[in-house]
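# Coordinates in review
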Amino acid sequence: MRHLLCCSALAVAAPAGAQTGADAPLYRFQPGSETRWASPENAGAAKGAGARENKGAKGHAFDTIPVGRSLVLADIKGPGTIDRMWMTIEDRSPDALRGLKLEIFWDGAATPAVSVPLGDFFLHGASEITAMETALFASPEARSFVSYVPMPFRKSARIVFTNESAKQVNLIFYDVNYRALRAQPADALYFHAWWSRDRATKLGQDFRILPRVRGRGRFLGTSVTVLTNPVYEKTWWGEGEVKIALDGDRSDAPTLVGTGTEDYIGTAWGQGAYINRYQGAPIASWDNEGRWTFYRFHIPDPIFFERDIEVALQQMGGARKNIVLGLQKKGAPLIPVTIDPGSRTNFQQLLTSGKALSDPSLPDGHTNYYRSDDVAAVAYFYLDRPENGLPAIASSAERHAALRLPPEKK
């Protein structure tokens with residue numbers, strides 16, 4: 001029942017008195033909605049066309065994708081809504097998680113609305129697949145990939161899976177569950193997902209989870225992966241605030257501003273590993289040079305925009321003053337930002353005062369500082385158009401570069 005509640009918050013607006021898809025009561029029949037599954041056993045998802053091989057006895061349950069080749073998981077004509085996608089592959093190594101690319105094209109568009117590495121899209125950006133169940137994505141036993149994100153389209157949908165890894169995908173099982181509809185409501189939005197990475201964020205500059213996108217829509221959330229820079233040793237990296245500029249806001253004067261990275265995903269005073277419906281951190285590890293993946297879905301707290309949106313994450317860490325001074329002496333690239341002696345009394349804004357951290361007049365306390373780490377993110381959002389104008393996804397070589405493997409994969 002919880003899944004039904006979360007999906008109702010995401011459902012596109014329907015005509016008055018009408019309910020469609022997962023937001024409709026379980027006991028209500030939905031006329032004009034035809035259920036279809038695209039899978040290797042019925043690739044075209046045509047009515048009465050499944051289980052035709054080997055006399056219906058599981059004759060074509062999987063496919064194989066050579067290196068450099070693509071497989072079309074679904075090619076749907078007419079209006080409809082994808083309600084669920086599931087897939088599993090034999091090799092779930094770090095190479096596969098970053099090297100396999102998922103793309104989705106709406107209504108015959110020339111560029112994809114979704115263009116993401118397989119692992120990052122399904123919340124496994126730190127090169128490690130984790131068992132989880134969230135409102136939008138799941139991996140029940142860390143052996144599969146499940147999406148519950150509602151994805152409406154008006155004319156067509158094309159889902160393409162490309163093998164840009166170093167090895168052939170010998171076994172890929174999948175099904176794409178959708179409803180063919182008579183029409184979509186006028187205000188139905190298209191689902192988009194965009195991945196980016198900065199292997200060394202610039203001091204004092206925010207990482208753009210989502211660069212400026214124009215149009216009307218809804219920011220659904222993000223999944224972020226941070227590989228911490230070892231020059232900062234084991235100091236806390238997550239003091240940066242999430243900032244969202246809406247409808248004409250300047251990047252440096254956003255309307256929505258949080259209070260810290262772990263605060264944004266609902267926890268506090270650091271960040272351990274946990275998995276909740278709308279927020280979590282499947283990977284939170286200091287032990288392997290610092291590997292973190294965390295997510296936040298704006299389902300109970302929607303973020304709408306009328307004209308444009310930009311989403312950024314400050315690149316800021318924190319430690320006691322003497323530790324930050326020690327890092328400076330060792331040559332770590334950093335810019336001190338504030339000193340918090342434990343209350344707003346005598347709180348020091350160093351960028352405003354211009355004082356050096358070594359100034360003897362400054363109090364002791366927790367010191368925030370700009371730093372540079374390896375950050376990657378997927379932005380999930382809805383838009384009133386099938387294309388978003390964002391840059392193409394980075395090459396497979398760039399996606400794989402400098403990855404840190406889980407201990408058991410070393």
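What counts and how
- Residues numbered from 1 in each chain as written.
- Predicted model: local features only at pLDDT ≥ 70, side-chain atom pairs only at ≥ 80, totals over all residues.
- Heavy atoms only, no water.
- Pairing = 2+ DSSP bridges.
- Helix = DSSP H or I, 4+ residues; strand = E, 2+ residues; numbered from the N terminus.
- Contact = heavy atoms within 4.5 Å.
- Axes fitted to C-alpha atoms, helices over the stretch in contact; angles between N-to-C directions.
- Phe/Tyr/Trp six-rings, centres within 6.5 Å; stacked < 30°, edge-to-face > 60°.
- Lys NZ or Arg CZ within 6 Å of the ring centre and 35° of its normal.
- Buried < 20%, exposed > 50% of the residue type's maximum accessible area, 1.4 Å probe, protein only.
- Polar contact = N/O pair within 3.5 Å; in protein donor to acceptor, adjacent residues only side chain to side chain.

## Observations regarding the sheet that holds strand 25 (residues 348–349)
- Taken together, four strands build an open sheet; the order of strands is 23-26-24-25 and the sheet is antiparallel. Two strands bound the open sheet, and with one partner strand each, they are strand 23 (316–320) and strand 25.
- One ladder, built from five bridges, connects strand 24 (residues 335–340) with strand 26 (residues 366–370); its direction is antiparallel. Considered in strand 26, the bridge of Ile 335 is made with Tyr 370.
- With respect to the sheet, helix 5 (residues 321–329) is in contact with strand 23, strand 24 and strand 26, its orientation differing from that of strand 23 by roughly 115°.

## So, the environment of Phe 122
- Relative to the helices and strands, Phe 122 is located in the loop between helix 3 (118–121) and strand 7 (132–133).
- Spatially, the C-alpha atoms of Phe 122 and Ser 144 are 9.6 Å apart, while their sequence positions differ by 22 residues.
- Dropping the residues within four chain positions of it, Phe 122 is found in contact with Leu 102, Met 132, Phe 137, Phe 145, Val 146 and Ser 147.

## Digging into the packing of aromatic side chains
- Tallied over the entire structure, the rule returns 19 aromatic pairs.
- Note on Trp 286 and Trp 292: the rings are 4.9 Å apart at their centroids and 80° apart in plane angle, and the pair reads as edge-to-face.
- Members of the aromatic cluster, each reached through a chain of ring pairs, are Phe 121, Phe 122, Phe 137, Phe 145, Phe 191, Tyr 295, Phe 297, Tyr 380 and Tyr 382.
- A cation sits over an aromatic face here: Arg 296 above Tyr 264, 4.8 Å from the ring centre.
- Positioned over the ring face of Phe 347 is Arg 344, at 4.4 Å from the centre of the ring.

## Considerations on the sheet that holds strand 16 (residues 242–246)
- A sheet is described by the order of its strands in space; here four strands give the open sequence 14-22-16-17, paired in antiparallel fashion. Edge positions in the sheet fall to strand 14 (207–214) and strand 17 (256–257), since each of these pairs with one other strand and no more.
- Relative to strand 22 (residues 308–313), strand 16 is paired through five bridges, and the arrangement is antiparallel. Across the sheet, residue Ala 245 finds its bridge partner in strand 22, namely Glu 310.

## Side note on the environment of Gln 315
- Checked against the element boundaries, Gln 315 lands in the loop between strand 22 and strand 23.
- Here Gln 315 falls in the buried class, since its relative accessible area comes to 7%.
- Distance in space between the C-alpha atoms of Gln 315 and Leu 351 is 15 Å, their sequence separation being 36 residues.
- Filtering out sequence-adjacent residues up to four positions away, Gln 315 remains in contact with Thr 201, Gln 205, Phe 207, Tyr 369, Tyr 370, Arg 371 and Val 375.
- Within the local environment of Gln 315, its side chain forms a polar contact with the backbone oxygen of Leu 313, the two atoms lying 2.9 Å apart.

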